[in-house]
Each structure stands twice: as structure tokens, then as C-alpha cells.
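Now for the letters of each chain:
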Amino acid sequence: MKNRLCGIGEALIDFIPDVKGQRLKDVPSFTRVAGGAPANVIGAVTKLGIPSKMLTKLGDDPFGDYIIDVLNEAGIDTSNIERDQEGETALAFVSLAADGNRDFKFYRKNSADLRYSVDDIPEDILDDCGMIHFCSVDLVESPMKEAHKKLIDMAIEKGVKVSFDPNLRFSLWDDLDALKKTVNDFIPYADIIKISDEELEFITGKTDIKDAVPELLSAGRGKYVIYTKGADGAEIYTKDGMVEAPGYSIEVRDTTGAGDSFIGAFLFCILRDEVEDLNSVSKDKLYEYLDFANAYAANTSTKEGALAAMAAMDEIQEWIKNRK
């Protein structure tokens, strides 16, 4: 079946604080977890039952070894991950507020993932894939940005769906105007666009999602605009209207990877059902997909870490059943 997900972009080490509610400079100790938004999304899809693959480059260092081990343990296909002698595996230190929200400090000035190039992409990489997914962290000017363009072109040529979650990280960009332009340059190539309530105004210049949707859907290939609202749930906009699903009330432990787990769970539903035409999915079915994605992200937020916190299908089904 051609229903695997192929993700491209960063895989890195998140250092999560052992104590919440402190500024980053005051955190005395951290626990390492494998992360990076594309890797997290692929991890969610894989843990839910659809084998998926990652395209990136890691440093030939112990941190890269650790990421490979974690991805392999999650069932992710790592056979196309390159190792680099000159670049280093990226690191991110995270500070968690008492409510579980985060502040980041990245160490990636010589990051191996940015050295991944068009020549590293196998020509047959999408032969068993139904979708590709990418974010904005690795869209800075680099060989990796050009690799994104090539993979997107390959996907469009082969009829493979394209999913884009900007997942903005402002501290990684010297020029925020360049970030905004880059995100808007890539939006027209995506069938599925996910934007959070915190990102809407920066990306679109609009404060109301309803004002932004017409332009987002008409910009290019757009079929779905998914608007996430954290604890308040999510909305999906199509050419036929809007579907909304409420969030889940939980005790938040860590929101790291929550948005990634949401879009991963949503993409899993599309891939599982082998949806050919996104415009043909009923509103009832879209509600089902959104509700499942909300539940999956909520469950992830009750645990620490990102990829390590994401549930397998039997675990999330049991969790949902116990809440009804």
C-alpha cells in the first residue's frame, strides 16, 4: 500500500528540565529526549500503526546515535537518515512554565540537518508513500531548504499529498520578515496546512482565522486549513465550510510535542483510510479525525517528552474509552 508518511527536516535532542516553573538560566538539570517536529509527527503516525520514514542528516556523534536508537525503537524507518562528519546533531534546551508551556534555546549553528541536500534524496523514496510532511525550522537558507523543494516537487509529480505545519521557532531566524516570506512561499504547495492560534497573525496578518482561510485555501493546492487552539480544540476549514471539535480537559504535564502529536494523529487517519480525494471526506468523518487528533495530543500532554510520550493505538483507545 502507498500510505506511508515521509517526513523531512530536523531531528534533534530536546533537553527537558527536571524542575518546572523556572527560567532557563535557573534550571539545574535536564533529561534528554529525542525530538524535532518532523520526527515527532512521523513518530506519532508510526506508533499508531503506519510505518513511516524520515529524511534528515545527523552528526556522526553520540547524540546522533541516540536519536537513531530512539527512532528505531519507535518503529520509524531510519535507513534514509544520513550521518555527517562535519556537522553536529542539533540540541534544544527547553524551559517549562508551571502550566507546561515552553521556552527554547537552540544549539544548531553547525547543525548536520541543514547539510542534507538534494543529492541525498533517493529517487524512489516516495514509491510507497501517500504523503510528505515538513515544517519551517529547516527552511532557512541551506542545502536542506533545497532538499525540501525537491521532495515537494517529487510528491506533486507522483500525486503524493503534501502536509505543512509551520511550527514557528522565531529564535532560529535572524530576520523575521524572511521567516514570514518563507512560510508563505511554501504554503501554496501544501494540500494540508496546520496553523496554531499563536501563529495566525504572524503568518497571515489576520487576527481572525475566518478572514485568513479564503486566501490560504486559494493560494495554491490547499484543501484543508487546520486551526489548532490548544485546550480549546481545533477547527478544519475546507471549500465546503468548517468543522470544529472541542478539546479535552486534562492536567497538563508537558506540552512539548503536543502540536506534532495532533497533526501526526490527523495524518494517520487520512493514511489509514487511504483517502484519495481530500475534498470527498464528509464533515462527520472530518469531525472524527479532529476529535481523535485532539485526544491524542491531550494524552501526549499528560506525559513528559515528545516522541517518548506518544501513545500506541491500544493505549490511546483505552484512554479515550475511560474518559467516556
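Residues numbered from 1 in each chain as written. Predicted model: local features only at pLDDT ≥ 70, side-chain atom pairs only at ≥ 80, totals over all residues. Heavy atoms only, no water.

In the annotation of an unreviewed UniProt entry, the protein is listed under the name Carbohydrate kinase and assigned to Candidatus Anaerostipes avistercoris. Per UniProt, the protein has the following entry under Sequence similarities (unreviewed entry): "Belongs to the carbohydrate kinase PfkB family." (UniProt positions renumbered as here; feature names shortened; annotations may be inferred.)

Caption draft 1: Expanded view of the overall build of the protein. Broken down by element type, the protein carries nine helices and 14 strands. The C-alpha radius of gyration of the protein comes to 18 Å, within 12% of the 20 Å expected for a compact globule of 324 residues. In terms of overall dimensions, the protein has C-alpha extents of about 50 × 45 × 40 Å along its principal axes. Expressed as a percentage of the 324 residues in the protein, the buried residues total 58%. In the protein, the proportion of contacts linking residues at least 24 apart, taken out of those at least 6 apart, comes to 73%. Split by element, the accessible area of the protein, about 13,700 Å² in all, is 45% carbon and sulfur. Averaging the coordinates of the 38 positive side-chain charges in the protein and doing the same for the 59 negative ones gives two points 2 Å apart. (Helix = DSSP H or I, 4+ residues; strand = E, 2+ residues; numbered from the N terminus. Rg over C-alpha atoms; globule rule 2.2 N^0.38 Å. Buried < 20%, exposed > 50% of the residue type's maximum accessible area, 1.4 Å probe, protein only. Contact = heavy atoms within 4.5 Å. Areas by Shrake-Rupley, 256 points an atom, 1.4 Å probe, with all protein chains shown as cover. Lys, Arg positive; Asp, Glu negative; His and termini not counted. Charge placed at Lys NZ, Arg CZ, Asp CG, Glu CD.)

Caption draft 2: Geometry of the packing of helix α1 (residues 37–48) against helix α7 (residues 258–272). Running from N to C, α1 and α7 cross one another at 45°; their axes reach a closest spacing of 8 Å. Comparing the axis directions of α1 and α7 gives the class oblique. The interaxial crossing formed by α1 with α7 has right-handed handedness. Each of Ala37, Asn40, Val41, Ala44, Val45 and Leu48 in α1 lies in contact with α7, whose residues at this interface are Asp260, Ser261, Ile263, Gly264, Ala265, Leu267, Phe268 and Leu271. Tallied by class, the residues present in the contact of α1 with α7 amount to 10 nonpolar, three polar and one charged. (Axes fitted to C-alpha atoms, helices over the stretch in contact; angles between N-to-C directions. Parallel < 35°, antiparallel > 145°, perpendicular 65-115°, else oblique. Left-handed = near helix turned anticlockwise from the far one by under 90°. Nonpolar A, V, L, I, M, F, W, Y, C, P; charged D, E, K, R; others polar.)

Caption draft 3: Representation of the packing of aromatic side chains in the model. For the structure shown, the criterion picks out 12 aromatic pairs. Between the aromatic rings of Phe15 and Phe93, the centroid separation amounts to 4.7 Å while the plane-to-plane angle is 10°, which identifies the pairing as stacked. Separated by 78 residues along the polypeptide, Phe15 in strand β2 (residues 12–17) and Phe93 in strand β7 (residues 91–96) bring together distant segments of the chain. Relative accessible area serves as the criterion here: at 22%, Phe93 is assigned to the partly exposed category. Look at Phe268 and Phe292: their rings are 6.4 Å apart centre to centre, the planes differ by 40°, and that puts the pair in the tilted class. Of this pair, Phe268 sits in helix α7 while Phe292 sits in helix α8 (residues 283–301), placing them 24 residues apart in sequence. The class for Phe292 is buried, based on a relative accessible area of 12%. Linked through ring pairs, Phe15, Phe30, Phe63, Phe93 and Tyr107 together constitute an aromatic cluster. The positively charged end of Arg32 is found above the aromatic ring belonging to Tyr66, 3.7 Å away from the centroid. (Phe/Tyr/Trp six-rings, centres within 6.5 Å; stacked < 30°, edge-to-face > 60°. Lys NZ or Arg CZ within 6 Å of the ring centre and 35° of its normal.)

Caption draft 4: Up close: the pairing of strand β11 (residues 192–196). Most of β11 sits out of view: five of its five residues are buried. The alternating pattern of β11 places Ile192, Lys194 and Ser196 on one face and Ile193 and Ile195 on the opposite face, and all of these are buried. Bridge count for β11 against strand β12 (residues 224–228) is five bridges, and the pairing is parallel. Each residue of the ladder has a partner; that of Ile193, found in β12, is Val225. (Pairing = 2+ DSSP bridges.)

Caption draft 5: Here's a closer look at the pattern of salt bridges. Tallying each qualifying case throughout the model produces 28 salt bridges. Between Arg108 and Asp138 there is a salt bridge; the shortest N-O distance is 2.7 Å. Of the two residues, Arg108 sits in the loop between β8 (102–107) and β9 (129–134) while Asp138 sits in the loop between β9 and α3 (143–158), which places them 30 residues apart along the sequence. One network of salt bridges, in which partners are shared, links Lys57, Asp84, Glu86, Arg115 and Asp120. (Salt bridge = Lys/Arg side-chain N within 4 Å of Asp/Glu carboxyl O.)

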